[in-house]
Amino acid sequence: MSALKQPISRLKGPHGSPYVGSPPQSTSTSSVPSGLSSSSAPTTAASTPTPTPAPVVPTPTPTNSTTTAPPPSSPSTTTATTSTTTSTSSSSRGRSSSPPVDQRRSASRRATSAPPARSTSMSVIPNPDAKKSPPPSAEEESVDTGIVSSWFADRGMVPPALDYPSVVFHTYHICNPPSPSASMHSHHHTSVTTEPQYCISISRNFYLIRDRLSNEILDIILLSHTAAECVVKPATKPPYCLSPTLNEISHKGKVGRSSLRENLTQSASSLQTLQQMLIARNSEQTSNTKVATIILELLHTHFKELPDFTYQMNTPSHRWSSGTGLPGSLVKLLVKAATDIFKREETLIHLKPPVYVIGDLHGNFKDFVYFAKAFGLWEHADFVPANFLFLGDYVDRGPHSVEMISYLLSLKVQWPGKIFLLRGNHEVEDINGDETSYQDGSFKRQCKTIYGETVGTELWTLFNRCFDYMPLVSIVDRKVFCVHAGIPRTTTQNPPPDIFNMIAAITRPPALYTDLFFDLLWSDPATSAEEDTEVGKNGNPPGFGQNSRGSNTRVFGREAVQTFCKITGCSHIIRAHQSSEQGVELAKQATIMTLFSSSNYCGGVNLAAAILVHDRQLRLIIKKHSAVEQDAQVRVYNP
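Keep in mind the model is a prediction, meaning the values are calculated, not measured. (Residues numbered from 1 in each chain as written. Predicted model: local features only at pLDDT ≥ 70, side-chain atom pairs only at ≥ 80, totals over all residues. Heavy atoms only, no water.)

## Re the sheet that holds strand 24 (residues 617-623)
Backbone hydrogen bonds are what pair the strands of a sheet, in a parallel or an antiparallel way. Here we have five strands laid out as an open sheet, ordered 14-13-12-23-24, and mixed in their pairing. The open sheet is flanked by strand 14 (419-421) and strand 24, the only strands paired with a single partner. Sheet twist, expressed as the mean angle between neighbouring strand axes with direction ignored, is 20°. Of the strand pairs in this sheet, strand 12 (residues 355-358) and strand 23 (residues 608-614) are connected by four bridges, and their pairing is antiparallel. Residue pairing in the sheet places V357 in a bridge with I611 of strand 23. Against the sheet, helix 9 (residues 401-414) touches strand 13 (387-390) and strand 14, its axis set at about 130° to strand 14. (Pairing = 2+ DSSP bridges. Helix = DSSP H or I, 4+ residues; strand = E, 2+ residues; numbered from the N terminus. Axes fitted to C-alpha atoms, helices over the stretch in contact; angles between N-to-C directions. Contact = heavy atoms within 4.5 Å.)

Below, the structure is given as C-alpha cells:
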C-alpha cells in the first residue's frame, strides 16, 4: 500500500516515524479520511497500551463535538476511530508549553474538545534518522526560507537552522475529510471530495502543513532535535528608561532641547534617576551622532532659502548665511559613519508600515525641505511613528547635491532604524562624475566648487565608497516591492527564480554591470508601443524588451509584472527613476507606481510627490505649486 493510500493516522514520516502533533483546525472524528475506503481504516490495536498516533491533517471544526477514547485499562479494545491530539498550548502565542512526546501520547487517551481555529504553538515529533531517504511517493519541492522564518518570528520564536536559500521538502498531498456537519443533517451516505486539500511537506528539521490551494502555512511540526533550537520566548527588548533630554516645542513649532538635570531635586530617587539618564545619554550620544547633530543644526540655521525663488534650471534655492558650505572635516566623519551603518544593513531590507516613500530628489533641497516639514522629519523626527524610505538619485542635476546627501546621511546616522536610503543609478561614480554631460549639475563638479580641486575630489570619492554599500531593494509589509528602477529580467524564466534570495545574495560593493544590477537601477515599465514592438522580441526574455537608455537596459511589460507578483506575493511595485507631470504615475493596472519627488525637473513643469504606505493602503501625496510658482511658470515656459 502506497503512502498516499494509507489512512492518515497511519501515515509515517520519511524514516518510519509517525506524525505526532496538534495541527490547526483539527478535530476528533470517526469518519474515514476522504479518498480512502473503510477497509483502509485502522483495525484492532496492538497489545501494547500505546494508542494510535494522532493525524496531522487539519479538518473543519465541528460544533459541540467530542470523542471519548478507550480507557487505559482496555488496550485491546477494537476501534475504527482516530482521536486527534490537541496540544494545550495551541491557544498561547509566543510561549512554549508543548508537553513531552510521552505526555502527548497519554493525553490522546482522554476526551478532548475542538481546538481553536488557528494554532500558534509548536508540536514536536521524534527525531528520525536524517540519513535515510524519503518514500518514493513523495514529491520534491523547495520553499522560500523567508516565509518559514517569518512564521516563526510572528510567534516570537527563533527559527531553526535553514538550508540556504530554500528548504527542500518532500511533499504529500492529503485529501480533506468529510464535513462532520454534513453527516449530522443527513441519514444517507455523503459523498466525499477526493481532491487533495492539504500538503504535508517534510524536511530534515520539521514537517510543514499547508493549504494546497492558497499555499498558506497552517502549522509547523518540529522534530525533537530541532525543537530545542526554537525555544519560544518573548522578544528581548531593552527596558524603558527616562530620556535625559527635555524637548520643548515653541508656538511656532520649533523644538528646543535641554537637560532634565535642572528639573530634578536632590532626593535619593532623583539622584538615582539622574544617574540612569546620564548613562543613557553617554551610550546614545556617540561621536558619530554628535557630528550628525552638528551638520543638521548648521543646515537648519545657516542654509537659508532665497526670497522670491522661482524654479529654473541650475538656479540655487538656498544660500549659506556665512561661509560657502559645510566643514569638509565634518563631512568626512559623517560619510565614514554612514558607510559603517550601510555595511551592517542587508542588500534587501524588510520594513513595517507606516512608511513614507520618497522618490528622486536630485539635489532639489527646496522640495526635500517641504516634504521633511510636512512629515515631521525636519525637526520632529524623534516623535514621528513612521519609517522613511528614499528610493535613490539624491545627487546630480539639481544645484544642492552636497547639502542634500549630507542632510540624508545625517538623518541616517541619527536614526538608523527609521531612515533607509536605497541606491539609485546616480549613486554610481561613472554617472555622478560625468562633468561633461551634467556640467554644473554634476555632483563631482559641485564638490570641487565648494571644497576645491583636491579636497573636493577626495570627498566625492569618499561619498561614492559610501554609495557602494547602500541597500538596493526594500519590501514593505511583505507586499510592496520598492526599488529605484525595476524588476529582474530572470523573473519569467522556467523554473521561476527565488527573486528575494537572489537579491539578498548580492554582495556589496556589487558588480556594477551585471544584468541584475542594471535591472534594479536602470529598467523602466514598457509603454504601450513597446509592449507591441519590443517586449518578448529580438532575443529578450518573455515580458521584457530593449530599453532606449542603453544596450544592457530593459523594459518590463504586463507579463513580467504579473509573473513577478505571482511568484513573490507582492501586490505593488513602487519605483522612481522617471519624472511625471503629477509626480506619480500608475502603470500596469496600477500595480506599478512611479514616484518622483523633485518638481520642475531639468527646467520642466512636473510636480513632486510621495507615498505613505499604511493601514493596507498606498496614499498618494502631491506637492502643489504655490500661486507665485505657478505664475512664474506661466511667464517662464509660456511667454
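There's more to say after this.
## Things to note about the packing of aromatic side chains
The tally for this structure, following the rule as stated, stands at 21 aromatic pairs. Ring centres of F365 and Y407 lie 6.1 Å apart, and the angle between their planes is 75°; this geometry places the pair in the edge-to-face category. With F365 in helix 8 (residues 365-374) and Y407 in helix 9, the pair connects residues that are 42 residues apart, well separated along the chain. Taken as a pair, F365 and Y407 share a single burial class, namely buried. Each residue in the set F303, W320, F365, F368, W378, F390 and Y407 is aromatic and connected to the rest through ring pairs, giving one cluster. Positioned above the aromatic ring of Y469, the side-chain terminus of K343 is 4.9 Å from the ring centre. Here the basic side chain of K623 rests over the ring of Y370, its NZ or CZ set 5.3 Å away from the ring centre. (Phe/Tyr/Trp six-rings, centres within 6.5 Å; stacked < 30°, edge-to-face > 60°. Buried < 20%, exposed > 50% of the residue type's maximum accessible area, 1.4 Å probe, protein only. Lys NZ or Arg CZ within 6 Å of the ring centre and 35° of its normal.)

## A closer look at the confidence of the model for the protein chain
Averaged over all residues, the pLDDT of the protein chain equals 73, while 58% of them reach at least 70. Under a pLDDT of 50 for its full length, residues 1-136 has, in the predicted model, 266 contacts with residues more than four places off or in other chains. Segment residues 632-639 is flagged for pLDDT under 50; beyond a separation of four residues in sequence, or across chains, it makes twelve contacts in the model. (pLDDT = per-residue confidence, 0-100.)

## Re the sheet that holds strand 19 (residues 554-556)
The strand order 17-19-18 describes an open sheet built from three strands, whose pairing is mixed. At either margin of the open sheet sits one strand with a lone partner, and together these are strand 17 (524-525) and strand 18 (544-546). When strand 18 meets strand 19, the two strands line up antiparallel, connected through three bridges. Note that in strand 19 the partner of F544 across the bridge is F556.

## Observations regarding the nonpolar core
By size, the foremost hydrophobic cluster in this structure holds 57 residues, and its most contacted members are F368, F390 and L409. Sequence-distant contacts of F368, that is, excluding residues within four places in its chain, are made with L361, F390, M404, Y407, L408 and L411. With 29 residues, the next largest nonpolar core counts V483, L521, F544 and C565 among its residues. (Core = buried A, V, L, I, M, F, W, Y, C linked by side-chain atoms within 4.5 Å.)

## Examining the pairing of strand 12
Burial of the side chains of strand 12 extends over both faces: V355 and V357 are buried on one face and Y356 and I358 on the other. Sheet analysis places strand 12 next to strand 13, joined by four bridges and oriented parallel. When the bridges of strand 13 are listed, I358 appears paired with F390. With respect to chirality, the unit in which strand 12 leads through helix 8 into the neighbouring parallel strand 13 is right-handed. (Right-handed = clockwise from strand over helix to strand, strands pointing away.)

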